[in-house]
Structures are given as C-alpha cells and as structure tokens.
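Results of the structural survey
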Amino acid sequence: MQKIELMAPAGNFESLQAALDNGADSVYFGVEQLNMRARASINFTLDDLEEITRRCKAKNVRTYLTLNTIIYDHDLSIVKTLVKRAKEANITAVIAMDQAVIAIAREFDMEVHISTQINITNLETVKFYAMFADTMVLSRELSLRQVKHITEQIEKEQIKGPSGRLVEVEIFGHGALCMAVSGKCYMSLHAYNSSANRGACKQNCRKKYTVVDQETGIEMELDNEYIMSPKDLCTIDFLDQVADAGIKVLKIEGRGRAPEYVAKVIKCYREAIDSLENDTYSKEQVISWMQELEKVYNRGFWSGYYLGQKLGEWSKGSGSHATQKKVYVGKGVHYFPKAKIGEFKIEAYDVSLGDTILITGPTTGAKEFELKEMLVNDKPQEKGTKGDAITIPLDFRVRPSDKLYKIVENKVEA
C-alpha cells in the first residue's frame, strides 16, 4: 500500500497557509479567471505565484495551477502567459482539461495533470493521456473496484507519463459533489447564461424545486425539495479501502470555502492517512474524525459512488449542516514578539475565557484554540466586550490583517 498524497484546496492565502500548517502534501489553486472556481473564490493573481512557491517550497509541498475550464480562442494568449509565469515561478504542474492547455503546458515543459472534467473511466483513455500527463483524476462516478482495476493495470502494463514514471491516479476524497457527470453541467448556463464550465456556476441545482404537470398544473409531492443538491463526499470512514485501490493522490474539494474548513479537513485526513501508514487506523478514530468534520461547512456526508452505489444521496436543506459556526469578534492590532502576546480590538461579539476562538489571516492561516488567558484593557478579566482591547499569549505573530472569531454551536435543522 503506497503512501497517499494529500492535496488541499487554496482559494486565497489564508487557506493556503491553513493547508501548509495542517499537513498538506500538495495544494491546488486558481489564478485570475480561467479555473473552475473563478466566481466562488477570491483567486490569486500572477504576481502571487512567487509567494505561493516560496511558502510551499519551505514545507516541501507541491503546487498545482488549475487551468481546467473550457478555453476559447480569445483565452489562448492568457493561457500562454499563465503557463509561462507558472514555469518561471517553479509551479509544479498544471491541471488541465482542454487539449489546447495541455499542448501549451507541454510546449513550456510543464508537468500536466488531467482534470476530472475529461471524465477518464477506462484504461485505454489512461493510455492515451499518458502521452501528455503524469497524473490523472479519474471520473467521480467510478467505484473503488473500477479504480483498483485501472491502477493494477497501470502497474502491470507499466503505463508511464512523459516524466518516465508510472502514471499516478488521483481521486476526489472529500467535499462538494455536483449532480453533473464529473462536474460537466449546463444548468447554470441555461438558466443564467453563466457557464459552470467556465468557472461561473450559479449553483441553481442547490435550490428548492417542485415538479409540475404541464397539462393539469398539479404539483407532484416530493420527499425532498432539494432533489439536485448532493450531500458532500466523505471517504475518511473507508480510507483503508481507498488506499487499497492503489490511488496516489487524494484531492480535497473546497477552494470556495473558508480557511478553517481547509484547516479542519486537512488535519483530519492527515491524521487518517498517517494512521494507515502506522497501522493504527480504527473505528474509534473514524468516529472522532467524523465529529470534527461535521463542525465545518458540509451538506451532510455520503460515500459517493466508490462503494458501488448507483444513485446519489441528496441534501435535505440549503446551506451548511455544520455543527459549529464562527462569529466575528474583532481584528488584530499588534504583536509583542518578546512577550509573545497578541493584541486585538473587539468590534462585535464578546469573548470569554473558555471560549474556542479562531484567528485567520493571509499569513496566519487559520489558528483555532481554547482561550485560557487574557487581559482586558490591561487587566486580568474573564470577559471582553465591544470596544475593549484584549491581549492574548500567542506563539504566532498577529497582524492588522488578522481577524478574531468565536466558535459557537450551530443549530442544524434535522
């Protein structure tokens, strides 16, 4: 059983740092608009590439630039610029689905990973793309049995990519699933003229729907109004079977989600992958990890199609089913490095000793911990309220761009 590479989403610098701090082996991110989360996340700029490389290189983390949208003729010059700058910044690989992007990446001698949008479902397709790519994301609709057959044949037939290494198989491991086949959807384009395949999905599948008989006007009674909104994928409770299928890379979805989501999910899957290697993976640990994963954004969990299920499991409501949520407390003011104390200005919600607090920032990432000690307006107190200045012992630097949150329980409707 080979060691699985844990691949984390990075929609901005906060999430990037959260991924690095919690044990990601690689990160994937978009630059500007030519990626599948062009609308959902802030996205990086060309000038950010060097900083991304610097941070990731310091922790020996691989970097993947997503260029996996449909490409039109007027995009080609932008693609060439992006790939050229990525090469100059020593980005590890480009994730692509359009043949033009694949060709341009090869032209600049960039490693190519095949996106799930290409929908690879069989060995012959793997052989074809092995002429261009070293890593391939298989279709999300395959079962683990089908995945294992492909990985075994890659080994048996010694199917190698341009690097001369055996082709690596990647699958989605956790996060949002789309009702469309491997993410190819036209609902948003049809309803809003906003193409999901250009990174501008309006997520109209996540809304309530009723079915109406056009002849009589009678509405059909449905068990679930959210008939096109799948639950989130979760594989942590059968990760041993995922590893046994021979996959090399486990991809965590979530470039549009908050840094604390990235921190929590990557931390759980890091522990799970390490436990497989150490032969300590257990049901008890799985229960604990599931409880942690439920604390951050999710639509409920299911196993996808990996265990042979033919039909999807649908969310029973809109938005997140997370058992916890964050509320804004205040902002960072100053850090005293000798004393290792951070100062914050409370602008909204109060905070008390014993609370779980979260500090996020472009350099800080996402740090969550219990508040055990603080000064309020330079005096030891148990509670700080709006307008107060509080100081907290911290082993990391606080910056004016940092935000302070309080984690509270979130009532989720059944």
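One can find the structure itself at the top, above this paragraph.
Residues numbered from 1 in each chain as written. Predicted model: local features only at pLDDT ≥ 70, side-chain atom pairs only at ≥ 80, totals over all residues. Heavy atoms only, no water.

**So, the overall build of the protein chain**
- Counting secondary structure elements, the protein chain contains ten helices and 22 strands.
- Counted over contacts in the protein chain with a minimum sequence separation of 6, partners at least 24 positions apart contribute 68%.
- Within the structure as shown, the protein chain displays about 19,600 Å² of accessible surface, and the carbon and sulfur contribution to it stands at 49%. (Helix = DSSP H or I, 4+ residues; strand = E, 2+ residues; numbered from the N terminus. Contact = heavy atoms within 4.5 Å. Areas by Shrake-Rupley, 256 points an atom, 1.4 Å probe, with all protein chains shown as cover.)

**A short note on the pairing of strand β7 (residues 168-175)**
- Burial analysis of β7 places eight of its eight residues in the buried class, which makes it a mostly covered element.
- Bridge count for strand β6 (residues 135-137) against β7 is three bridges, and the pairing is parallel. Directly across from Thr135, in β7, lies its bridge partner Glu168.
- As for the winding sense of the linkage, the β-α-β connection from β6 through helix α6 (residues 144-157) to β7 is right-handed.
- Across four bridges, the pairing between β7 and strand β11 (residues 249-252) is parallel. Bridge pairing links Ile171 to Leu250 in β11. (Buried < 20%, exposed > 50% of the residue type's maximum accessible area, 1.4 Å probe, protein only. Pairing = 2+ DSSP bridges. Right-handed = clockwise from strand over helix to strand, strands pointing away.)

**Some details on the state of the cysteines**
- Scanning the entire structure with this criterion turns up zero disulfides.
- With no disulfide of its own, Cys234 has Cys268 as its nearest cysteine by sulfur position, at a separation of 9.1 Å.
- For Cys234, a relative accessible area of 3% corresponds to the buried category. (Disulfide = S-S within 2.5 Å.)

**Observations regarding the nonpolar core**
- In terms of nonpolar packing, the biggest core is built from 93 residues, with Phe29 and Tyr269 touching the most fellow members.
- For this core, the element with the most residues is helix α9 (residues 259-278), which contributes ten residues.
- Those residues within four positions of Tyr269 in sequence are excluded, and the remaining contacts are Leu6, Gly173, His174, Cys234, Thr235, Ile236, Leu239, Leu250, Ile252 and Leu293.
- The next biggest cluster of nonpolar side chains, apart from the first, holds 16 residues, and it includes Ile346, Ile390, Leu394 and Phe396. (Core = buried A, V, L, I, M, F, W, Y, C linked by side-chain atoms within 4.5 Å.)

**Points about the pairing of strand β17 (residues 365-370)**
- Pairing geometry for strand β16 (residues 356-361) and β17, over six bridges, is antiparallel. Residue pairing across strands places Thr356 opposite Glu370, the latter belonging to β17.
- If you look at the hairpin formed by β16 and β17, you'll find three residues sitting between the two strands.

**What to know about the environment of Gln17**
- Looking at the element boundaries, Gln17 is found in helix α1 (residues 13-21).
- Residue class for Gln17 comes out buried when judged on its relative accessible area of 11%.
- For the pair Gln17 and Gly365, spaced 348 residues apart in the sequence, the C-alpha separation amounts to 4.5 Å.
- When near neighbours in sequence (up to four residues on either side) are disregarded, Gln17 contacts Arg55, Pro362, Thr363, Thr364 and Gly365.

**A short note on the sheet that holds β16**
- Read from one edge of the open sheet, eight strands run β17-β16-β22-β13-β14-β21-β18-β19, paired in antiparallel fashion. In the strand order of this sheet, the two ends are held by β17 and β19 (379-380), each with one partner.
- As paired strands, strand β18 (residues 375-376) and strand β21 (residues 389-393) are joined by two bridges and run antiparallel to one another. The residue bridging Val376 from the neighbouring strand is Ile390, located in β21.
- Each of β16 and β17 touches α1; the most contacted strand, β17, lies at about 60° to it. (Axes fitted to C-alpha atoms, helices over the stretch in contact; angles between N-to-C directions.)

**Points about the packing of aromatic side chains**
- Tallying each qualifying case throughout the model produces eight aromatic pairs.
- Between Phe13 and Phe44 the ring centres are 4.9 Å apart and the planes differ by 80°, which places this aromatic pair in the edge-to-face class. Remark: Phe44 occurs in the loop between β2 (26-30) and α2 (49-58) and Phe13 occurs in helix α1; sequence separation between them is 31 residues. Accessibility classification places Phe13 together with Phe44 in one group, the buried group.
- Between the aromatic rings of Phe29 and Phe44, the centroid separation amounts to 5.9 Å while the plane-to-plane angle is 85°, which identifies the pairing as edge-to-face. (Phe/Tyr/Trp six-rings, centres within 6.5 Å; stacked < 30°, edge-to-face > 60°.)

**Brief notes about unusual backbone geometry**
- One non-glycine residue, Asn90, lies in positive phi territory at about 65°.
- Counting through the fold element by element, Asn90 comes out in the loop between α3 (76-88) and β4 (93-96).
- The phi torsion at Asp378 lies on the positive side, around 70°, for a residue other than glycine.
- Relative to the helices and strands, Asp378 resides in the loop between β18 and β19.

**A closer look at the environment of Lys379**
- Checked against the element boundaries, Lys379 lands in strand β19.
- Of the residues examined, Lys379 reaches a relative accessible area of 52% and is grouped as exposed.
- Note: C-alpha distance between Lys379 and Ile390 (eleven residues apart in sequence) is 9.0 Å.

**Side note on α9**
- For α9, spanning 20 residues, the distance from its first C-alpha to its last is 28 Å, which sits close to the expected 28 Å at 1.5 Å a residue.
- Judged by how many residues are buried, α9 sits mostly within the fold: 15 of 20 residues are covered.
- Count one or two residues on from α9 and you reach Asp279, which has phi positive near 60°. (Expected span 1.5 Å × (residues − 1).)

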